[in-house]
Every structure is written in C-alpha cells, then in structure tokens.
Amino acid sequence: MIATRPNIAVIGAGLAGLSCARHLQDAGYRVTVFDKARGPGGRMSTRRGDDWQCDHGAQYFTVRDNRFRDEVARWETAGVAALWEPRLAVLEADGSVARKAPDSTARFVGVPRMSAPAGWLGANLRVHSGYTIVDMQHDRAGWRLHSKEHGVHDDRYDAVVLAIPAPQATVLLQPLLPLTARQTATDMLPRWTLMLRYRTPGIRFAPGYDAAFVNHGPLGWIARDGSKPGRQGSETWVLQATAGWSAQHLEDDSDSVIAALLAAFAALGAPPPDEVTAHRWRYARAGGQQDNAQAIQQNHVDEDGEPAVLREAIWLPAVRVGVCGDWLAGGRVEDAWLSGRTLAAQVLASMACAASS
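In what follows, the accompanying structure is described. Residue indices follow the written sequence of each chain, beginning from 1 at its first position. Restriction of local features to residues with pLDDT of at least 70 applies here, the model being predicted, together with a cutoff of 80 or more for giving and counting side-chain atom pairs; totals for whole chains, interfaces and linings are based on all residues. Neither water nor hydrogens contribute to the side-chain values; these are computed over all heavy atoms in the structure.

Across the sheet, which stays open at both edges, the 3 strands sit in the order β10-β11-β12 with antiparallel pairing between neighbours. Each having just a single partner strand, β10 (133-139) and β12 (151-152) make up the two edges of the open sheet. We call two strands paired when DSSP finds no fewer than two bridges between them. Labels follow the DSSP assignment, with helices taken as runs of H or I lasting at least four residues and strands as runs of E lasting at least two, numbered in each case from the N terminus. Two elements, β10 and strand β11 (residues 142-147), share 6 bridges in a ladder whose sense is antiparallel. Residue H138 lies in a different strand from β11, and its bridge partner there is W143.

Take the packing of helix α2 (residues 66-78) against helix α10 (residues 333-356) next. In the contact formed by α2 and α10, the axes pass within 10 Å of each other and the chain directions differ by 105 degrees. Taken as axis vectors, α2 and α10 run roughly perpendicular relative to one another. When α2 is examined against α10, the residues R67, F68, E71, R74 and W75 are found in contact with a partner set consisting of V333, E334, W337, L338 and R341. Class assignment of the residues belonging to the contact of α2 with α10 gives a composition of 5 nonpolar, no polar and 5 charged. Angles here are taken between N-to-C directions and fall from 0 to 180 degrees, while the axes themselves are lines fitted to C-alpha atoms, restricted in helices to the stretch in contact. Throughout, the term roughly parallel applies to angles under 35 degrees, roughly antiparallel to angles over 145, roughly perpendicular to angles from 65 to 115, and oblique to all others. Every residue pair with non-hydrogen atoms within 4.5 Å of one another is taken to be in contact. Note on residue classes: Ala, Val, Leu, Ile, Met, Phe, Trp, Tyr, Cys and Pro are nonpolar, Asp, Glu, Lys and Arg are charged, and everything else, Gly too, is polar.

On to the nonpolar core, then. Nonpolar side chains in soluble globular proteins tend to end up buried together. Of all hydrophobic cores here, the largest spans 51 residues; its most connected members are F61 and W75. For this core, the leading source of residues is α10, giving 8 residues. Setting aside residues no more than four positions away along its own chain, W75 makes contact with L15, F61, F68, V80, A81, P117, W120, L121 and W337. Within this scheme, the nonpolar core is defined by two criteria: the residues are buried Ala, Val, Leu, Ile, Met, Phe, Trp, Tyr or Cys, and they are joined through side-chain atoms within 4.5 Å. Burial classes follow relative accessibility: with a 1.4 Å probe on protein chains only, a residue under 20% of its type's maximum area counts as buried, one over 50% as exposed, and anything between as partly exposed. The next biggest cluster of nonpolar side chains, apart from the first, holds 24 residues, and it includes L162, L173, V321 and L328.

Turning our attention to the sheet that holds strand β2 (residues 30-35). Spatially, 6 strands are ordered β9-β2-β1-β13-β20-β19 in an open sheet, and the strand pairing comes out mixed. The sheet terminates laterally at β9 (126-129) and β19 (313-316), the two strands that pair on one side only. Neighbour to neighbour, the strand axes of the sheet diverge by 15 degrees on average, direction disregarded. Pairing of strand β13 (residues 159-162) with strand β20 (residues 321-324), which is carried by 3 bridges, proceeds in the parallel orientation. Bridge pairing links L162 to V323 in β20.

A few words now on helix α4 (residues 166-173). An α-helical turn contains 3.6 residues, so any two residues separated by three or four positions project in the same direction. Along α4, 6 of the 8 residues are buried, which leaves the element largely enclosed by surrounding structure. Where α4 is concerned, the buried positions are A166, P167, A169, T170, L172 and L173.

Interpretation note: all reported values are geometric properties and have no functional meaning in isolation.
Right under this line is the structure:
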C-alpha cells in the first residue's frame, strides 16, 4: 500500500522537472529534486560575473498553449518574466542585412535573467544542487538513488521522474529497459555558445539591431543581452553556433572554438571583446522526439499489458518511473513546462488508482 503522501524523486531541475515537481507538491506529495548543476534552470541558464551577466542557453520563449499562457502571466505578476521586443535582423550569405518587421510573435524572457522563472518555480521545492545521479535501484521499500558526489542515499522513493536529456535518461533506464544508444543518444543536438563582454568605454558593437538570425558561416544567432528587460552591467553579446557546426566541432578545445566564432563575429563588423567565455551545450536541442518516445514506449507495457500512455511525457506505471522533457514534446521552453505538467497528472492519476486498489 502506497503511503498517504507519496515520496517522489525528480532528477533534473530544468523547467520540465520543476514544472512536474511543483504540480506534485501542490497536490500534497513529498518531492525532492536533484540536479548536477549549481542551481535550477537547465538550459534556461544565465552566466554571471563581476558586473556582467549573459543568457547563454535559451534566448527567449514563446506562448502557444493557453495553459502555458496562464503560467507566463503568473511569472509576469511575480516579476520574473517580461515581454522582449528586440530589433530583429536576418543576416544573409551575400552580406545583406534584412530588418525583420515587427510580427505578431510575443517573445518573453526571464527577468532579471533567463533563469529567474526556474528560480521562482523552485523557491518552495526541496532542490539538491550538485547531485549527479548515476544509478537507481529498486527494492520492496522503493527506489534508492546513487549520486556521484554523495554515494547511495538513504531515502526511499515511491516513484522517480527523469527530467533530463534523452541520452542521460537512457543511461539510468538501461538496467531497467532494453533501450539502445541508437534510439536515443543521437537525438539531441549540441551547441557551442560564446559570452562576450565589452568593458572598455567607447568600445561596443552597435549594428542597428538587437538580435539576428545568421544564415551563413558557423554562427546561427547573435544577441545583445542588455536589450532584454531588467538587464544591468557591462555590455554583453551572446553568440550561438549552428547545430551542424557545433556537431562537427563538438570535441574541439574552447580556444579554437572561440577563435572561429570571434572571426565570424568580426566579419559582421564587431570589434574584439574585452573578455570571452565559451560554453558547450552537449544536449542543446531536441531532434527526432517521436523516435525517442517510441523507443521507450515499445520497450514497456503497463500492468494490463498495454503500452504506456504516450503524449508530452511517458509514465511507466509498472516500475513507477516517469520521463519528461522538451525533447519529447517539441523542443521549446513551453514544451518543457507542458511535459512536466503532463507527467505530473499521469503520476497523480496512477498513484491514486494504486492507493485505492
């Protein structure tokens, strides 16, 4: 018999994991979130230093689903999100610069940094940062987790939620389900990102736009972080390489990546920055989401012999393990939040049914 207040472990403190955790906790469940990073947010991330900050993961988010629209409205009321209306451009291969006319797409950002909504979601949750979960084992008392930094944990959990990229989820699920690396590990695309600081007075890049999609060379996106609402500090620009270029140079050292991307930025007329930092997102963007989901579903059936329900998330009731993330649902910030919410609903329904049986 499941306890009155089930105890749930959520692995991953990105938006999907935090969304799932908040919904479960609001329903009265005990929830503990584990993440290998120093703080929540996942790819809704901001790097900060002395008198500078720069969003180096997700650059903005849009709203399509009314459920997420209501959530963003709550973020705006809490002061952790706001509308961003940048001057957008498209940089073509022939060197032309096309200014994008204002469109109907509402672009939002976290305030005062992209990670702010994640911090707000996690404020009342029990979040263990710096915990890399490397193994999970089940016995009659429930699930037990093993982290690289702290060894085997004493707590037992009634269910485990994996809110991490597909390849990382595969590593943890492999002892339980016969998933192959081919079905999941190749389905996340990488991205090299540079964060540039201009501290010297009078030296800055002012091209007449705040952000641009680049249709040639190694760069895919550039943006002036200070154009976003609530930003302070030194002038900063973020450069994001294309997924294709990043994959080709995935294992290159940061110095060579910096040199290549700065050269491409200089070709756009930008002056050399005073400081630069590189970050490699090994699992930056989803690809082949449906294949990932089917790979997991085909290797599991529920107690009635039927495949587990597959939508924006995956719940395996026989083993009480759930999987959520933007890679299942479409790859956007909105998809991450919806995936976590969907999984929470599946967990609640399944656990309630088990408790009443």
